[in-house]
2 protein chains.
Amino acid sequence: MNIKAFEKLTYGVYIVSAGNTVTKNAFVATTAFQVTASPNQIAVACNKNNFTLSLVSENKAFAVSVLKQHYTPATMGTFGFRSGKDFDKFAHCEFVMGTQTNTPIVTTDALAWFECKLIQQVDVGTHILLIGEVLDSSVLDDVHEPLTYAYYHQVKGGTAPKNAPHAQEEK
Amino acid sequence: MNIKAFEKLTYGVYIVSAGNTVTKNAFVATTAFQVTASPNQIAVACNKNNFTLSLVSENKAFAVSVLKQHYTPATMGTFGFRSGKDFDKFAHCEFVMGTQTNTPIVTTDALAWFECKLIQQVDVGTHILLIGEVLDSSVLDDVHEPLTYAYYHQVKGGTAPKNAPHAQEEK
């Protein structure tokens, strides 16, 4: 087994959000991807310790915002490396409320977003795979490039948040 | 709903293979991603019409090869746009047999590979999500870049095979 093989997998960088008008939270995810086109469904891997997960279960919905390559560092700090249990992340970003599910959707540094109704939760051990049907989507910026994990890691020197599915433990 | 939002999601390009010493098949996948690190598990979305899917179910194993950016066009033609039902794709590539599961693993144009034991199959409608535990992995080329779907699409002018989860129907 060569653990370096995992570094060859390609990921984007996203903000996954959930909640309602009262309680909101979001986290940085690298594993968001379309799993079917008819209907349009997106899957997201979410660590069981993520506060956002309880909001997804409660509200039966989540949203995915696609970060742009030239994001502001504060956005990554707020959503990637703090817990929403004791910090209101939505006081530090711009957002809209989705019209289909009343889910908060982060628009700061976002190129596009998807508003999803929760269809399935799949237990894969340390993480849950959230499967959602896309009820609405929008493109906010069709000019700039999406942020990839490779760019974030190689160019920006960023590291994976500890709850990321591909965060390898220190050997 | 703006369908162009889906183009902002980031994917790699992979060859997913299954079989045994007698029967082998493989297809080009864009949705392969790590879902947990302890143990190392990879998920792959596979269209229900894919011949490879029956081989995964039968052999309870699959492999994922990471394609390099400068792949040879024949590799994409063989694995992305032909059916293994009437064509022996493995007569047209180099491969090794995984030592853990006896799964054929494509090494042509590959930077790295993963040999996986099937853990779960999740029905998401038109596709099945294959969840596999990585029993072995290897890096074949640590110099070149992995192929991304964005590069394949924008630079090479490639299109999604019809069974890809993000192949949108013509409007």
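Not measured: the values here are computed from a predicted model.

Now for the overall build of chain A. Within chain A, the secondary structure is distributed over three helices and nine strands. Its C-alpha atoms give chain A a radius of gyration of 15 Å, within 12% of the compact-globule value 16 Å for 171 residues. Classification of the 171 residues of chain A by burial places 59% in the buried group. A sequence separation of at least 24 residues applies to 64% of the contacts in chain A between residues at least 6 apart. Split by element, the accessible area of chain A, about 7000 Å² in all, is 50% carbon and sulfur. Here chain A contributes 13 positive and 15 negative side-chain charges, whose respective centroids are spaced 7 Å apart.

Turning our eyes to something else, we now look at the interface of chain B and chain A. Taken together, the contact between chain B and chain A spans 53 residues of the former and 53 residues of the latter. Both faces considered, chain B and chain A share a buried interface measuring about 4300 Å² in area, 59% of it formed by carbon and sulfur atoms. Three residues, Lys8(B), Thr10(B) and Gln34(B), lead the burial of chain B against chain A; their summed loss comes to 16% of the area buried on that side. In this structure, the connection of chain B to chain A is made through four salt bridges. A salt bridge links Asp142(A) to Lys4(B), with the shortest nitrogen-to-oxygen separation between them at 3.8 Å. Our enumeration of links across chain B and chain A arrives at 14 residue pairs in polar contact (both at pLDDT 80 or more).

Before going further, it helps to spend a moment on the state of the cysteines. Residue and element names in this part refer to chain A. With the rule as written, the count across this model stands at zero disulfides over all chains. In this model Cys46 remains outside any disulfide bridge; the closest cysteine sulfur is found in Cys116, 13 Å from its own. Relative accessible area serves as the criterion here: at 0%, Cys46 is assigned to the buried category.

Here we take up the sheet that holds strand S2 (residues 24-29) of chain B. Residues and elements named next belong to chain B. An order of S2-S1-S5-S8-S9-S4-S3 is seen for the seven strands of this open sheet, with the pairing classed as antiparallel. Two strands in the sheet have a free side with no partner beyond their single neighbour: S2 and strand S3 (32-37). Along the sheet, successive strands turn relative to each other by an average axial angle of 35°, direction set aside. Strand direction decides the pairing type here: strand S8 (residues 110-123) and strand S9 (residues 127-139), joined by eleven bridges, are antiparallel.

What follows covers the packing of aromatic side chains. Inspection of the entire model under this criterion finds eleven aromatic pairs over all chains. Relative to Phe6(B), the ring of Phe114(A) lies with its centre 4.8 Å away and its plane at 50°, an arrangement referred to as tilted. Note that Phe114(A) is positioned in strand S8 (residues 110-123) and Phe6(B) in the segment before strand S1 (14-19), a pairing that runs across two chains. A centroid spacing of 5.8 Å and a plane angle of 50° characterise the contact between Tyr149(A) and Tyr152(A), whose relative ring orientation is tilted. With Tyr149(A) and Tyr152(A) both in helix H3 (residues 149-154) and three residues apart, this pair spans about one turn of that helix. Per residue, the accessibility class of Tyr149(A) equals that of Tyr152(A), and both read buried. Among the aromatic residues, those joined into a ring-pair cluster are Tyr71(A), Tyr149(A) and Tyr152(A).

If you rotate chain B by 180° and push it 0.0 Å along the axis, it lands on chain A with an RMSD of 0.0 Å. Expressed as an axis order, the relation between the two copies is that of a two-fold axis. Across chain B, the smallest distance between a C-alpha and the rotation axis is recorded for Tyr11(B), namely 3.1 Å.

Moving on, we get to the sheet that holds strand S9 (residues 127-139) of chain A. All names here are of chain A. Read from one edge of the open sheet, seven strands run S2-S1-S5-S8-S9-S4-S3, paired in antiparallel fashion. Two strands in the sheet have a free side with no partner beyond their single neighbour: strand S2 (24-29) and strand S3 (32-37). On average, adjacent strands in this sheet sit at an angle of 35° to one another, irrespective of strand direction. Lying over the sheet, helix H1 (residues 51-59) contacts strand S1 (14-19), S2, strand S4 (40-47), strand S5 (61-67), S8 and S9, oriented at roughly 50° with respect to S1.

This part takes up the side chain of Thr10(A). Tracing the sequence through the fold places Thr10(A) in the segment before S1. Residues in contact with Thr10(A), not counting those within four places in the same chain, are Thr10(B), Tyr11(B), Gly12(B), Tyr14(B), Pro146(B), Leu147(B) and Thr148(B).

Reading guide: rules and limits
- Residues numbered from 1 in each chain as written.
- Chains lettered and ligands numbered in written order.
- Predicted model: local features only at pLDDT ≥ 70, side-chain atom pairs only at ≥ 80, totals over all residues.
- Heavy atoms only, no water.
- Helix = DSSP H or I, 4+ residues; strand = E, 2+ residues; numbered from the N terminus.
- Rg over C-alpha atoms; globule rule 2.2 N^0.38 Å.
- Buried < 20%, exposed > 50% of the residue type's maximum accessible area, 1.4 Å probe, protein only.
- Contact = heavy atoms within 4.5 Å.
- Areas by Shrake-Rupley, 256 points an atom, 1.4 Å probe, with all protein chains shown as cover.
- Lys, Arg positive; Asp, Glu negative; His and termini not counted.
- Charge placed at Lys NZ, Arg CZ, Asp CG, Glu CD.
- Buried area = accessible area lost by both parts, 1.4 Å probe.
- Salt bridge = Lys/Arg side-chain N within 4 Å of Asp/Glu carboxyl O.
- Polar contact = N/O pair within 3.5 Å; in protein donor to acceptor, adjacent residues only side chain to side chain.
- Disulfide = S-S within 2.5 Å.
- Pairing = 2+ DSSP bridges.
- Axes fitted to C-alpha atoms, helices over the stretch in contact; angles between N-to-C directions.
- Phe/Tyr/Trp six-rings, centres within 6.5 Å; stacked < 30°, edge-to-face > 60°.
- Least-squares fit on C-alpha atoms with pLDDT ≥ 70 in both.

Keep in mind these numbers describe shape, not what the thing actually does.
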